[in-house]
Amino acid sequence: MSKVVVLTGAGGVLCSTLAKALAEQGHKIAVLDLKLEAAEQVAKEIESAGGTAMGVMANVLEKASLEDAKSKINAAYGTVDILVNGAGGNHPLGTTSNPFLEEEDLKNTTEGFKTFFDLDSKGIEFVFNLNFIGTLLPTQVFAKDMIGKKGCSVLNISSMNAFTPLTKIPAYSGAKAAVSNFTQWLSVHFSKVGIRVNALAPGFFLTDQNRTLLTNTDGSLTQRGQQIIDQTPMGRYGVPEDLISTTLYLCDEASSFVTGVVIPIDGGFSAYSGV
Ligand SMILES: NC(=O)c1ccc[n+]([C@@H]2O[C@H](COP(=O)([O-])OP(=O)(O)OC[C@H]3O[C@@H](n4cnc5c(N)ncnc54)[C@H](O)[C@@H]3O)[C@@H](O)[C@H]2O)c1
Ligand SMILES: O=C(O)[C@@H](O)[C@@H](O)[C@H](O)[C@H](O)CO
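Attention in this report is confined to the structure presented alongside it. All values reported here derive from a predicted model rather than from experimental measurement.

## Overview of the site of ligand 2
Right, so step 1: Residues in close proximity to ligand 2 total 14 residues, the closest being Ser159, Met160, Tyr172, Asn210 and Arg224.
Right, so step 2: With respect to ligand 2, the side chain of Asn210 contributes an N or O atom lying 2.7 Å from an oxygen atom.
Right, so step 3: Separating an oxygen atom of ligand 2 from a side-chain N or O atom of Arg224 is a distance of 2.8 Å.
Right, so step 4: Burial of ligand 2 by the surrounding chains reaches 98%, relative to a free accessible area of 340 Å².
Right, so step 5: Within the residue set of the shell around ligand 2, elements represented by two or more residues are α6 (211-214) and α7 (223-230).
Right, so step 6: Class assignment for the residues of the shell around ligand 2 results in nine nonpolar, four polar and one charged.

## A short note on a nonpolar patch on the surface
Right, so step 1: A contiguous nonpolar patch, built from Leu101, Leu106, Phe116 and Phe117 and spanning about 480 Å² of accessible area, is present on the exposed surface.
Right, so step 2: With respect to the helices and strands, the residue Phe116 is situated in the loop between β4 (82-85) and α4 (121-142).
Right, so step 3: Of the residues examined, Phe116 reaches a relative accessible area of 55% and is grouped as exposed.

## As for α4
Right, so step 1: The first and last C-alpha atoms of α4 sit 30 Å apart over 22 residues, in line with the 32 Å expected at 1.5 Å per residue.
Right, so step 2: At Asn129, α4 shows its strongest bend, of approximately 35°.
Right, so step 3: Those residues of α4 that sit buried are Gly123, Val127, Leu130, Asn131, Gly134, Thr135, Leu137, Pro138, Thr139, Val141 and Phe142.
Right, so step 4: Considering only its buried residues, α4 is in contact with β1 (4-8), β2 (28-33), α3 (63-77), β4, β5 (152-157) and α5 (170-189).
Right, so step 5: Its side-chain oxygen 2.7 Å from the backbone nitrogen of Lys122, Asp120 forms the N-cap of α4.

## Focus: the pairing of β1
Right, so step 1: The buried fraction of β1 is high, at five of five residues.
Right, so step 2: Residues Val4, Val6 and Thr8 point to one face of β1 and Val5 and Leu7 to the other, with burial holding for every one of them.
Right, so step 3: The sheet contact formed by β1 and β2 spans four bridges and is parallel. Within the sheet, the bridge partner assigned to Val4 lies in β2 and is Lys28.
Right, so step 4: The parallel pair β1 and β2 is bridged by helix α1 (residues 13-24), and the resulting crossover is right-handed.
Right, so step 5: Two strands pair when backbone bridges link them, and β1 and β4 are joined in this way by four bridges, in the parallel orientation.

The rules behind the values
- Residues numbered from 1 in each chain as written.
- Chains lettered and ligands numbered in written order.
- Predicted model: local features only at pLDDT ≥ 70, side-chain atom pairs only at ≥ 80, totals over all residues.
- Heavy atoms only, no water.
- Near = heavy atom within 4 Å.
- Polar contact = N/O pair within 3.5 Å; in protein donor to acceptor, adjacent residues only side chain to side chain.
- Areas by Shrake-Rupley, 256 points an atom, 1.4 Å probe, with all protein chains shown as cover.
- Helix = DSSP H or I, 4+ residues; strand = E, 2+ residues; numbered from the N terminus.
- Nonpolar A, V, L, I, M, F, W, Y, C, P; charged D, E, K, R; others polar.
- Patch = residues over 30% accessible without salt bridge, like charges linked within 9 Å, V, L, I, M, F, W, Y side chains within 5 Å.
- Salt bridge = Lys/Arg side-chain N within 4 Å of Asp/Glu carboxyl O.
- Buried < 20%, exposed > 50% of the residue type's maximum accessible area, 1.4 Å probe, protein only.
- Expected span 1.5 Å × (residues − 1).
- Bend = angle between axes of the 7 residues up to and from the residue.
- Contact = heavy atoms within 4.5 Å.
- Pairing = 2+ DSSP bridges.
- Right-handed = clockwise from strand over helix to strand, strands pointing away.

It is worth stressing that arrangement in space is one thing and function is another; only the former is reported here.
Here's what the structure looks like:
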């Protein structure tokens, strides 16, 4: 059955792939992004492939902007059935320079060098808000449409760092832990109104939000990038297509008794102790 699917951050690498895969199922797709041009481009590609899609500008941190997007979607396609909360990511402002604090770090005067003590609360706030509030607000706006309908669900995007924090990125780790926790909380809260709530926990996929952590300017892997490959039993980064089948499953009636789960898609990263 054709559904109305809203994906936030769908101008980006991972969720544009998910938007296209959901379009291939015959669903009507609302491609939301802060960058209108990116959203419109993805919608155009879906339409050229024979699907139905509209690109809409929406800031996941502003309720008014989301309400405005919702009016456009409702007018074009009717009420929403599925929400994929894809907008999110890390930011250098919530990142320490080194994985471990050493005493001499406190004397390091190199421009831009940041220890835990230098982290700016504004940077931490930005990352927390983008990932957590940016999941909560769109759910408040779009899940209202789902009440009283059958086959509706919300899919959040968590991360590896929600299970065990990754070095250097306390804000992003904490924010994604909050997303996983919220997924469980909301699945219980919505259980009586028939809205399922689940999450993907992707492993490591090379995209814009982590490019500077994983690759040097010449495209070679950073030490951290190599360490990730070494800690991934399957020995590679994920490609966006790795996320498709789990997304289709969680957004489909095939998973009608599945709610509150966070599924790792990580080549074994979260199962591996490194020994
Ligand atoms: N790439 C990975 O390895 C990885 C791993 C685990 C989880 N994730 C998560 O997957 C999701 C998709 O990220 P991606 O890797 O495709 O990154 P991406 O940077 O390619 O895409 C993110 C998109 O979100 C949009 N966006 C940013 N702020 C926004 C806002 N305020 N309102 C609306 N849209 C906004 C950006 O414009 C961008 O198009 C994110 O939640 C990210 O945290 C990524
Ligand atoms: O090295 C890192 O911290 C990054 O690559 C992460 O942002 C990563 O992409 C994921 O979020 C982990 O699941």
